[in-house]
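Here is what each chain is made of, one letter per residue.
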Amino acid sequence: MNSAEEEQNQTSIQGRPASDEQPESDGTCQVPTLFSLIIQRHEGETCEGQFHGEGVAGFEGGHVYKGMFSKGLMGGHGVFTWAGGLKYEGEFVCNMPMGQGTYTWPDGSSYKGEVCNGIRHGTGTYQCAKNGVSYRGQWDQGKRHGKGAVYYNQDKTSWYKGDWVKNNREGWGVRCYPSGNKYSGEWKDNLRHGEGTMRWLKLGQQYVGMWQDGVQHGRGTHVWILRRLDGSQYSQSNQYTGDFVQGQRHGQGAFYYAGGAIYEGEWRDNKKHGKGKFTFKDGRVFEGEFVDDQMTTHNLNGSRAPTPLCGAFPLSGSESSILGPDMALNIEHLLDNIPKRNRDTERKQVEVVVLRRDAELKSVYSFYSRLGHAPSPDNIFLLSRLQLWRLLKDCNIHHHDITLTQIDLFIREDATAAKIHSPFTTMLLRRLLSCLVVVAYHIYHKDMVSQTNLLAACFSRLMTDDILPNAKNVKGFLFRQPDCAVVAVNYFKKCWEVYQAHCKVYAAPRDDQTMTCRQLLWMFKDLCLLDNNLTAARLLNIITAESRDPSSLSSCVDLEITFLEFFEVLLGSAEVKCQPVSEGQEEGRSLSSPDTETRRDLPETGRSSDAAELSTAQDVESQQDVKTQVDENPQSAGLLPEHIEEHSGEGKGEQTRGMEAKDHGLELWIQTIHQFFNHFFFPAIEHKQLVSRNIKEEKLRQEAQSRVAAGPGRRGIRRLMNDTR
């Protein structure tokens, strides 16, 4: 795909998937109350002139009760049938349905469960005969409230499992649609709101990030999987990671084209607009101003003119490198340590070693750049600094008396102080190669001073002793399970702000900010996060989990840590502090995981209503799914394999049970992380900020009062002196 095709592809990735969340009718029938009942007849046992024991009573209006009486009132087990046909069978206390009971409506709908004062209250199951909707879960004063699962059709292909607040989906939940599309995340007032993941199965699209009032709003990642050509089985992906406003790409963001090109910069209304950088798939770069999806250049008269993305400028150093533009090394600062007469030889020799390891290095780059992303048939991701840190830790580079923060300083190039340690900074393959050469030099150059080709010897040893034996063996708490990492990245932005707020600012010449283990320990203490589960000793074990000598506490407390190490300590602490959540859950609890609605220009959400018929909603949904897929996004159609290998019934059962166990474990982990961050960590941070603000305001108030009190006092003394004269 050439650059023009890459640019034109943007029009094909803005197709609108069909709206899943259609108006739903739960068909919930209301329960009439029992009051002002006047008995017209009674047959049965009495005691001291009052109905007592088993009997039958007929009431004014045609209502009938058959069952137990106690001291003149309905009490015990009985059946009450309203004149309209509604029937209640269960326990009565003082004329009121109370305890366990069953309501049956004339149309066949039913409720079976706990009842309080004639109202559904507690745990119960409601089944609607009209449209097949069923709900099983918790009720409060006649409304769905708490944990519960609702099935919107008899086939149970359309359902929601999670939290409810007064008949509304609110909290964490999973929504599955008849089309197979699924949303898991946070809800508010029946709309996707908060953190969540939406997957459009037929269209091959996925969005992971923030939602507001049912649409993408905030930071997120949207992935489109397209077909290269009609009839081709080779799929490719476009991906956008950045800011969304009301369902549109708006703000700062990066777009990774399936062909390999990348745009990083400003967006407005789904278009590149403002300052940005476009990197072509061959490595050429244009950096400047964009207007309505086109880059601009300045004419001789000073005006700006839009220019298609068809040309750029070669990268410095790539012309003379034997590695080519994709792998050219930037090691000029290392060559300054080499005698001038040997520099050309040193460069060429290390390039030869790099070229010899070309396949392994590209494989390592591809593997680590995918960590934390949803599965994709193509590797279209750029390696982030966070993933680089994970690679270096997996290879035990930090065991060579060098920290990841020091490595950040060694490879900083032209990065500003604010971006030196940013986990969101991305790098191309050539940047990774340069980084590894730099790391190799700083680790091994003292052991190889007698070597003729110093850089090549250091790099060879790094590859042989560290990279090849250890790479791809992922450690730590973040990337152990791919699905978990995809969820955890939703907390990056806020945790990055917390990390920066607790960093120590270093004076020149460093001009950067980092955190030490000691500061991390004090942060947990200040936030009152330590308890019987998460003790100081367990926290220290988490912090030193990947240290060369975990038993040596004194050697690690003053070490600087990167955001990766900081975030993984938080994840490890969550698993310890929230052990009851991760080890055992009640049945309803495991259903709690975020949900979804619809789309606008990108997949968004429409508001759900309980007024329309479910069957009509499903017909509309199905028609829109097909029409939108074919008419608006033809490249995304037919992404599922046409033939799936058949297995025996026993094999299918084992595979299904294994998948269910995996999904259950993932949901428990999501709940654990959600509880730690949203119920412990973030509230503690907010409380500390509030206390700090209050203390500061109180101090300013006291200072102001002191100044006010001191002013009149001095004037009073002057008046006294004048009176004395």
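Source: prediction; values computed, not measured. (Residues numbered from 1 in each chain as written. Predicted model: local features only at pLDDT ≥ 70, side-chain atom pairs only at ≥ 80, totals over all residues. Heavy atoms only, no water.)

**Observations concerning the overall build of the protein**
For step 1, the next point in the chain: Looking only at helices and strands, one finds 16 helices and 28 strands in the protein.
For step 2, the next point in the chain: Looking at the 725 residues of the protein, the share that counts as buried comes to 47%.
For step 3, the next point in the chain: Restricting the contact set of the protein to residue pairs at least 6 apart, pairs at least 24 apart contribute 49%. (Helix = DSSP H or I, 4+ residues; strand = E, 2+ residues; numbered from the N terminus. Buried < 20%, exposed > 50% of the residue type's maximum accessible area, 1.4 Å probe, protein only. Contact = heavy atoms within 4.5 Å.)

**Describing the pairing of strand 1 (residues 39–47)**
For step 1, the next point in the chain: The pairing of strand 1 with strand 2 (residues 50–59) spans seven bridges and is classified as antiparallel. Its bridge partner being in strand 2, Ile-39 is matched across the sheet by Phe-59. (Pairing = 2+ DSSP bridges.)

**Quick word on helix 11 (residues 517–526)**
For step 1, the next point in the chain: Within the sequence span of helix 11, burial applies to Cys-517, Leu-520, Met-523 and Phe-524. Projected onto a plane normal to the axis of helix 11, the buried residues spread over an arc of 115° and lie on a single side.
For step 2, the next point in the chain: Where helix 11 ends, the next residue or the one after it, Cys-528, has phi of about 60°, a positive value. (Arc of directions from axis to C-beta.)

**Examining helix 3 (residues 343–356)**
For step 1, the next point in the chain: Here helix 3 spans 20 Å end to end across 14 residues, near enough to the 20 Å set by a 1.5 Å rise per residue.
For step 2, the next point in the chain: Of all the residues in helix 3, the buried ones are Glu-346, Arg-347, Val-350, Glu-351, Val-353 and Val-354. Each buried residue of helix 3 sits inside an arc of 160° when the element is viewed along its axis, so together they form one side. Residues of helix 3 that are exposed and angled more than 90 degrees away from the buried face: Asp-344, Lys-348 and Arg-356. (Expected span 1.5 Å × (residues − 1).)

**Observations regarding unusual backbone geometry**
For step 1, the next point in the chain: The phi torsion at Asn-117 lies on the positive side, around 55°, for a residue other than glycine.
For step 2, the next point in the chain: Locating Asn-117 in the fold gives a position in the loop between strand 7 (110–116) and strand 8 (119–127).
For step 3, the next point in the chain: Among the residues examined, Asn-117 registers a relative accessible area of 41% and is labelled partly exposed.

**Side note on the confidence of the model for the protein**
For step 1, the next point in the chain: Per-residue confidence for the protein gives a mean pLDDT of 77; residues scoring 70 or more make up 72%.
For step 2, the next point in the chain: Every residue in residues 1–16 scores below 50 in pLDDT, and together they form 47 contacts with partners more than four places removed in sequence or on other chains.
For step 3, the next point in the chain: Considering only residues more than four positions removed or in separate chains, one finds that residues 307–319, a stretch of pLDDT under 50, has 31 contacts. (pLDDT = per-residue confidence, 0-100.)

**Considering the packing of aromatic side chains**
For step 1, the next point in the chain: Tallied over the entire structure, the rule returns 48 aromatic pairs.
For step 2, the next point in the chain: For the pair Tyr-240 and Phe-255, a centre-to-centre distance of 6.5 Å together with 40° between the ring planes defines the contact as tilted. With Tyr-240 in strand 17 (residues 235–245) and Phe-255 in strand 18 (residues 248–256), the pair connects residues that are 15 residues apart, well separated along the chain. Note on accessibility: Tyr-240 and Phe-255 belong to one class, buried.
For step 3, the next point in the chain: Between Phe-676 and Phe-677 the ring centres are 5.3 Å apart and the planes differ by 75°, which places this aromatic pair in the edge-to-face class.
For step 4, the next point in the chain: Accessibility expressed as a relative area gives 0% for Phe-677, which makes it buried.
For step 5, the next point in the chain: Stacked on the ring of Trp-159, the Lys or Arg Lys-161 has its end atom at 4.7 Å from the ring centre. (Phe/Tyr/Trp six-rings, centres within 6.5 Å; stacked < 30°, edge-to-face > 60°. Lys NZ or Arg CZ within 6 Å of the ring centre and 35° of its normal.)

**Some words on the pattern of salt bridges**
For step 1, the next point in the chain: Inspection of the entire model under this criterion finds 18 salt bridges.
For step 2, the next point in the chain: A salt bridge links Lys-272 to Asp-293; the shortest N-O distance between them is 3.2 Å. With Lys-272 in strand 20 (residues 271–279) and Asp-293 in the loop between strand 21 (285–291) and strand 22 (294–298), this residue pair connects regions lying 21 residues apart in the sequence. Comparing Lys-272 with Asp-293, the two get one shared label, buried.
For step 3, the next point in the chain: Note that Arg-461 is salt-bridged to Asp-447, the shortest N-O span being 3.9 Å. Highlighted residues: Arg-461 in helix 8 (residues 454–470) and Asp-447 in the loop between helix 7 (429–444) and helix 8, separated in sequence by 14 residues.
For step 4, the next point in the chain: Within this structure, Arg-390, Lys-393, Asp-394, Glu-546, Glu-565 and Glu-568 form a network of salt bridges that share partners. (Salt bridge = Lys/Arg side-chain N within 4 Å of Asp/Glu carboxyl O.)

**Comments concerning the packing of helix 12 (residues 536–543) against helix 13 (residues 563–577)**
For step 1, the next point in the chain: The interhelical angle for the contact between helix 12 and helix 13, taken along N-to-C directions, is 140°, at an axis separation of 9 Å. With respect to their mutual orientation, helix 12 and helix 13 come out oblique. Note on packing geometry: the crossing formed by helix 12 with helix 13 is right-handed. Along its contact with helix 12, which presents Arg-538, Leu-539, Ile-542 and Ile-543, the element helix 13 presents Val-569, Gly-572, Ser-573 and Val-576.
For step 2, the next point in the chain: Residues belonging to the contact of helix 12 with helix 13 are distributed by class as follows: five nonpolar, two polar and one charged. (Axes fitted to C-alpha atoms, helices over the stretch in contact; angles between N-to-C directions. Parallel < 35°, antiparallel > 145°, perpendicular 65-115°, else oblique. Left-handed = near helix turned anticlockwise from the far one by under 90°. Nonpolar A, V, L, I, M, F, W, Y, C, P; charged D, E, K, R; others polar.)

**Remarks on the environment of Ser-109**
For step 1, the next point in the chain: Mapped onto the fold, Ser-109 is located in the loop between strand 6 (96–104) and strand 7.
For step 2, the next point in the chain: Sequence spacing of Ser-109 and Ser-134 is 25 residues, and the spatial spacing of their C-alpha atoms is 9.5 Å.

**Quick notes on the packing of helix 4 (residues 358–369) against helix 7**
For step 1, the next point in the chain: Running from amino to carboxyl end, helix 4 crosses helix 7 at an angle of 110°, the nearest separation of the two axes being 11 Å. Judged by the angle between their axes, helix 4 and helix 7 are roughly perpendicular. In terms of crossing hand, the pair formed by helix 4 and helix 7 is right-handed. For the pair helix 4 and helix 7, the contacting residues are Leu-361, Lys-362 and Tyr-365 in the first and Leu-429, Leu-432, Leu-433 and Leu-436 in the second.
For step 2, the next point in the chain: Class assignment for the residues of the contact of helix 4 with helix 7 results in six nonpolar, no polar and one charged.

**Thoughts on the side chain of His-398**
For step 1, the next point in the chain: Mapping His-398 onto the fold places it in the loop between helix 5 (385–394) and helix 6 (404–410).
For step 2, the next point in the chain: A polar contact is formed between the side chain of His-398 and the side chain of His-399, at a distance of 3.3 Å.
For step 3, the next point in the chain: Of note is the side chain of His-398, whose polar atom sits 2.8 Å from the backbone oxygen of Glu-546.
For step 4, the next point in the chain: Here His-398 is in contact with Leu-392, Lys-393 and Glu-546, once residues within four sequence places are set aside. (Polar contact = N/O pair within 3.5 Å; in protein donor to acceptor, adjacent residues only side chain to side chain.)

**Re the nonpolar core**
For step 1, the next point in the chain: Residues Phe-459, Cys-495, Phe-563, Phe-566, Phe-567, Phe-677 and Phe-681 are the most contacted members of the largest nonpolar core, which totals 101 residues.
For step 2, the next point in the chain: With 12 residues, helix 7 is the single largest residue contributor to this core.
For step 3, the next point in the chain: Beyond its immediate sequence surroundings of up to four residues, Phe-566 is in contact with Cys-495, Val-498, Tyr-499, Met-515, Leu-520, Met-523, Ile-561 and Phe-681.
For step 4, the next point in the chain: In this structure, Ala-57, Tyr-88, Trp-105 and Val-150 belong to the second largest nonpolar core, which totals 44 residues. (Core = buried A, V, L, I, M, F, W, Y, C linked by side-chain atoms within 4.5 Å.)

**What about the environment of Gly-476?**
For step 1, the next point in the chain: Along the chain, Gly-476 falls in the loop between helix 8 and helix 9 (482–488).
For step 2, the next point in the chain: Exposure remark for Gly-476: the relative accessible area of 16% places this residue in the buried category.
For step 3, the next point in the chain: With 69 residues separating them in the primary sequence, Gly-476 and Ala-545 have C-alpha atoms 8.3 Å apart.
For step 4, the next point in the chain: Those residues in contact with Gly-476 that lie beyond four places of it in its chain are Arg-390, Glu-546 and Glu-568.

**What about the pairing of strand 19 (residues 262–268)?**
Along any regular strand the residues' side chains alternate between the sheet's two faces.
For step 1, the next point in the chain: Pairing between strand 18 and strand 19: six bridges, direction antiparallel. Paired with Ala-254 across the two strands is Glu-264, which belongs to strand 19.
For step 2, the next point in the chain: The hairpin formed by strand 18 and strand 19 contains five residues between the paired strands, and Gly-260 there has a positive phi angle of roughly 115°.
For step 3, the next point in the chain: With six bridges connecting them, strand 19 and strand 20 associate as antiparallel partners. Directly across from Ile-262, in strand 20, lies its bridge partner Thr-279.
For step 4, the next point in the chain: The loop that links strand 19 with its antiparallel partner strand 20 comprises two residues; one of these, Asp-269, has a positive phi angle of about 50°.

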